[in-house]
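Residue strings, one per chain:
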Amino acid sequence: MSVHTENQGRPTRAHLDSLDHLESEAIHIMRETAAQFEKPVLLFSGGKDSITLVHLARKAFFPAQMPFPLLHIDTGHNFPETIEFRDRLVERFGLRLLVNYVQDSIDKGRAQEETGKFASRNAIQAVTLVDAIEEREIDACIGGGRRDEEKARAKERIFSVRDDFGAWDPKLQRPELWNLYNGRIRKGENVRVFPLSNWTELDVWRYIQREEIEVPSLYFTHKRPVITRQGQLFPISDFIWKDAGEPTPEKTIRFRTIGDMTCTAAVESAASNVQEIIDEIVTSKITERGARLDDRRSESAMEDRKRGGYF
């Protein structure tokens, strides 16, 4: 942990900056998770938040290996760059990787694929996640959800208990006072753990800059053919509906968030390094998840998905 210390080796509040406090809190949560649960996993999407979690987990248990595997819920509609980055990260640090596939849930009749112009697999990955939790007997899932992302996420506790069906009830959240987290659950229940709850998008990028954390090239400016949907720019792929003759201009873009290709929009940007991304975020009037089409389906889209088992 990067802190300035006194002669006694103990950091004081004056010596710690905001990133140090956030890092310390996240590491504490990671250690509490490892101590209180038998089969935790770290949910990995290949996005900046889950990459930051891997970095924090490695710090939390260094010099030992992190004591839980990564779990990737693969929609089959991922950016190729994301999968390539995931595999390089796993190999570089000798991590354990578990993968469950949305296509398997569809093939088994557990989930029904959407059709039409705005079809996406993003929502039905909740089915695959709930099945993975049951099949692998997972009792805690560590993820990169942050309270600043969306109003439903703002209601979450750091240890968020889910029932036997993976459903979340915001009215049944446990109090969390003095950084004490209650991981006691009944058989069949599980907990979603959010070490980055108190971070903002800007905090994550400043931490990435300070720690020199590698992230996928998708976050930086590049040229890519896109198509316009509801005023948003979506990357052309085999998974995107395209009308005959619909224009697909090449634009200079980057992505602020990375998810299923069918619902993750790009922003026009010339930001080619982390400092330029930070400068861009400071002046942006659009939220990070403003580029996620799945969040715009209804006023309560995120909360409805979370009640159904979504992370």
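One can find the structure itself at the top, above this paragraph.
Below: a short report on this structure. (Residues numbered from 1 in each chain as written. Predicted model: local features only at pLDDT ≥ 70, side-chain atom pairs only at ≥ 80, totals over all residues. Heavy atoms only, no water.)

## Description of the overall build of the chain
From N to C terminus, the chain includes eight helices and ten strands. Per-residue burial for the chain yields a buried fraction of 53% across its 311 residues. A fraction of 72% describes how many contacts in the chain between residues 6 or more apart in sequence connect residues 24 or more apart. With the model as given, the accessible surface of the chain reaches about 15200 Å², and the carbon-plus-sulfur share is 49%. (Helix = DSSP H or I, 4+ residues; strand = E, 2+ residues; numbered from the N terminus. Buried < 20%, exposed > 50% of the residue type's maximum accessible area, 1.4 Å probe, protein only. Contact = heavy atoms within 4.5 Å. Areas by Shrake-Rupley, 256 points an atom, 1.4 Å probe, with all protein chains shown as cover.)

## Describing the layout of surface pockets
Estimates place the volume of the largest pocket at around 470 Å³. In this structure, the largest pocket is lined by 19 residues; those nearest its centre are Glu137, Ile138, Lys187, Gly188 and Glu189. The element best represented in the lining of the largest pocket is helix α5 (residues 125–135), accounting for three residues. A per-class count over the lining of the largest pocket returns six nonpolar, four polar and nine charged. (1 Å grid on protein atoms, 1.4 Å probe; cavity = no way out; pocket = protein on both sides within 12 Å on 5 of 7 lines; lining within 4 Å. Points joined across faces, edges and corners; volume = space filled by probe spheres on them. Nonpolar A, V, L, I, M, F, W, Y, C, P; charged D, E, K, R; others polar.)

## A look at the nonpolar core
Counting residues in each nonpolar core, the largest one holds 56 residues, and the members touching the most others are Met30, Leu42 and Trp205. Those elements that place two or more of their residues in this core are α1 (18–36), α2 (48–61), α3 (80–93), β4 (140–142), β5 (159–162), β6 (190–193), α6 (201–211) and α7 (274–283). Top contributing element to this core by residue count: α2, with seven residues. For methionine 30, the contacting residues outside a window of four places in its chain are Leu42, Leu53, Leu56, Ala57, Ala60, Phe61, Phe68, Ile142 and Pro195. In this structure, Leu71, Ile73, Ala111 and Ile124 belong to the second largest nonpolar core, which totals 13 residues. (Core = buried A, V, L, I, M, F, W, Y, C linked by side-chain atoms within 4.5 Å.)

## Structural notes on the pattern of salt bridges
Using the criterion set out here, one finds 22 salt bridges in the structure. Arginine 210 serves as the salt-bridge partner of glutamate 211, at 3.0 Å between the closest nitrogen and oxygen. The buried category is assigned to glutamate 211, whose relative accessible area is 16%. We classify arginine 210 as partly exposed; its relative accessible area is 27%. Counted as one network, the salt bridges with shared partners bring together Asp17, Asp20, Glu23, Lys59, Arg210 and Glu211. (Salt bridge = Lys/Arg side-chain N within 4 Å of Asp/Glu carboxyl O.)

## What about the packing of aromatic side chains?
Summed over the entire model, instances satisfying the criterion amount to six aromatic pairs. Taken together, a centroid distance of 5.6 Å and an interplanar angle of 55 degrees make the contact between phenylalanine 37 and phenylalanine 159 tilted. Taken together, the residues phenylalanine 37 in the loop between α1 and β1 (40–43) and phenylalanine 159 in strand β5 connect sequence positions 122 residues apart. Assigned by exposure class, phenylalanine 37 and phenylalanine 159 land together as buried. Residues phenylalanine 79 and phenylalanine 255 carry aromatic rings whose centres are separated by 4.9 Å and whose planes lie at 65 degrees to one another, so their mutual orientation is edge-to-face. Here phenylalanine 255 lies in the loop between β9 (250–254) and β10 (267–268) and phenylalanine 79 lies in the loop between β2 (70–74) and α3, a separation of 176 residues in the sequence. Each of the two residues, phenylalanine 79 as well as phenylalanine 255, counts as buried. Pairwise contacts between aromatic rings join Phe37, Phe159 and Tyr181 into one cluster. The ring of phenylalanine 93 has arginine 58 sitting right over it, with the charged end atom 3.7 Å from the ring centre. (Phe/Tyr/Trp six-rings, centres within 6.5 Å; stacked < 30°, edge-to-face > 60°. Lys NZ or Arg CZ within 6 Å of the ring centre and 35° of its normal.)

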